[in-house]
Every structure is written in structure tokens, then in C-alpha cells.
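Close look at the chain arrangement
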Amino acid sequence: GLNLQMPALRGQTGLTDARFGGKKLVVVTGTSSGLGRKTAAALLRTGKYHVVGAVRDLDKMEVVAEVDGFDPDLFTPMHCELNSFASVRAFVDELKEWKAAKPVDRLICNAAVYQPSLPYAKWSEDGHEQQMQINYLSHFL
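Notes on the structure follow. (Residues numbered from 1 in each chain as written. Predicted model: local features only at pLDDT ≥ 70, side-chain atom pairs only at ≥ 80, totals over all residues. Heavy atoms only, no water.)

1. A word on the overall build of the chain
Along the backbone of the chain there are five helices and four strands. From first element to last, N terminus to C terminus, the chain shows the α and β order α-β-α-β-α-β-α-β-α. In terms of overall dimensions, the chain has C-alpha extents of about 65 × 35 × 20 Å along its principal axes. Taken over 141 residues, the chain has a buried fraction of 38%. Counted over contacts in the chain with a minimum sequence separation of 6, partners at least 24 positions apart contribute 65%. As displayed, the chain has an accessible area near 8,500 Å², and 54% of this comes from carbon and sulfur atoms. A distance of 9 Å separates the average location of the 16 positive side-chain charges in the chain from that of its 16 negative side-chain charges. (Helix = DSSP H or I, 4+ residues; strand = E, 2+ residues; numbered from the N terminus. Buried < 20%, exposed > 50% of the residue type's maximum accessible area, 1.4 Å probe, protein only. Contact = heavy atoms within 4.5 Å. Areas by Shrake-Rupley, 256 points an atom, 1.4 Å probe, with all protein chains shown as cover. Lys, Arg positive; Asp, Glu negative; His and termini not counted. Charge placed at Lys NZ, Arg CZ, Asp CG, Glu CD.)

2. With respect to unusual backbone geometry
For Ala 100, which is not glycine, the phi dihedral falls at a positive 55°. Residue placement: Ala 100 occurs in the loop between α4 (85-99) and β4 (106-108). The class of Ala 100 is buried, set by a relative accessible area of 11%.

3. Side note on the environment of Leu 15
Within the fold, Leu 15 resides in helix α1 (residues 13-20). Residues Leu 15 and Ala 100 lie 85 residues apart in sequence; the distance between their C-alpha atoms is 7.3 Å.

4. Re the side chain of Ser 138
Tracing the backbone through its elements, the reader meets Ser 138 in the segment after α5 (130-135). If we ignore the near neighbours within four places in the chain, the residues touching Ser 138 are Leu 82, Phe 85, Val 88 and Gln 133.

5. Some remarks on the pattern of salt bridges
Within this structure, the stated rule accounts for two salt bridges. Note that Asp 68 and Arg 37 form a salt bridge whose closest N and O atoms lie 2.7 Å from each other. In this pair, Asp 68 sits in helix α3 (residues 58-68) while Arg 37 sits in helix α2 (residues 34-46), placing the two residues 31 residues apart along the sequence. The class of Asp 68 is partly exposed, set by a relative accessible area of 32%. (Salt bridge = Lys/Arg side-chain N within 4 Å of Asp/Glu carboxyl O.)

6. Examining the layout of surface pockets
What the largest pocket holds in volume is close to 350 Å³. Residue lining of the largest pocket: 20 residues in total, with Gly 30, Ser 32, Arg 56, Ala 111 and Ala 112 positioned closest to the centre. It is α2 that contributes the most residues to the lining of the largest pocket, three residues altogether. In this structure, the second largest pocket spans a volume of roughly 270 Å³. Taken together, 17 residues line the second largest pocket, and the ones lying closest to its centre are Val 27, Phe 91, Val 92, Leu 107 and His 139. The set of elements that each furnish at least two residues to the lining of the second largest pocket consists of β1 (24-29) and α4. In terms of residue count, α4 provides more of the lining of the second largest pocket than any other element does, six residues in total. (1 Å grid on protein atoms, 1.4 Å probe; cavity = no way out; pocket = protein on both sides within 12 Å on 5 of 7 lines; lining within 4 Å. Points joined across faces, edges and corners; volume = space filled by probe spheres on them.)

7. Structural notes on a negative patch on the surface
Taken together, Asp 57, Asp 59, Glu 62 and Glu 66 make up a surface patch of like negative charges. Mapping Glu 66 onto the fold places it in helix α3. For Glu 66, a relative accessible area of 65% translates into the label exposed. (Patch = residues over 30% accessible without salt bridge, like charges linked within 9 Å, V, L, I, M, F, W, Y side chains within 5 Å.)

Honestly, it's all geometry; don't read function into it.
Below you can see the structure in the form of C-alpha cells.
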């Protein structure tokens, strides 16, 4: 028969079937607090999704996941510091390797900072105003 899979994806379907079954893959930024935390919990409660939590503090995420009862078979935390393009690129590389042939079905760009009371601008290591990089640029990198 005709094999329409892309060459790089051949042989990875067994891995994705074992890891995800029929579940949709969702990436949510900022899952360790606020709306991201609640969104991850709501998605996991349905049993229809495997959620990747893209967070800057994995230790905090581990505690939150335990407190909130996130099923470790359905939730995978990964490090992603949106204030660093290098960190975002490393996250994307890690995600690509981990998910194998499974496509990302949903991307929820939730993580953000809001610093209206600061009397000065804060800058990212990449030279961008921090709010602009974290809230916008890194999500679309």
C-alpha cells in the first residue's frame, strides 16, 4: 500500500499511540497559577486531553500538579521561560522530541505579565521590553 506518512514520522506512530491513545494534545503556557492552572485542570477533568504545561518554575508546577490532583499520565510539565528566546526554542525542541509524530491539537497562550506600577521598563535578555516579549513575542516565536 501507499505510505503517506512523512519520512521523519515513520515508525513513531506506535510511540504516539502508546503515549496519547486517542487523546488530543494541548500545550498551555503558565499552568502553575491563575487561569492557566484552572484551564489545565478543566481540560484534564474531561479525560479527553493530554496537557503539556509550559512553565518557568518546574518545582512550583510539581507542587501545583500534586495539590490539584493532575493525573501524571495526562499531564506533562516542561520548562519554558518566555522572557528568553533561547528558552522558548529549547522548549519547542524538547516538545517536538517528546511528542514524536503526535500533532499539537490546541495551543493556549495564557502566560503573561502585567507591570503597570513599575516606574521603569524591565528588559528581557534578548533586549525587548519584558511585557512585550513575555506576553506577545515569545508566544509567536
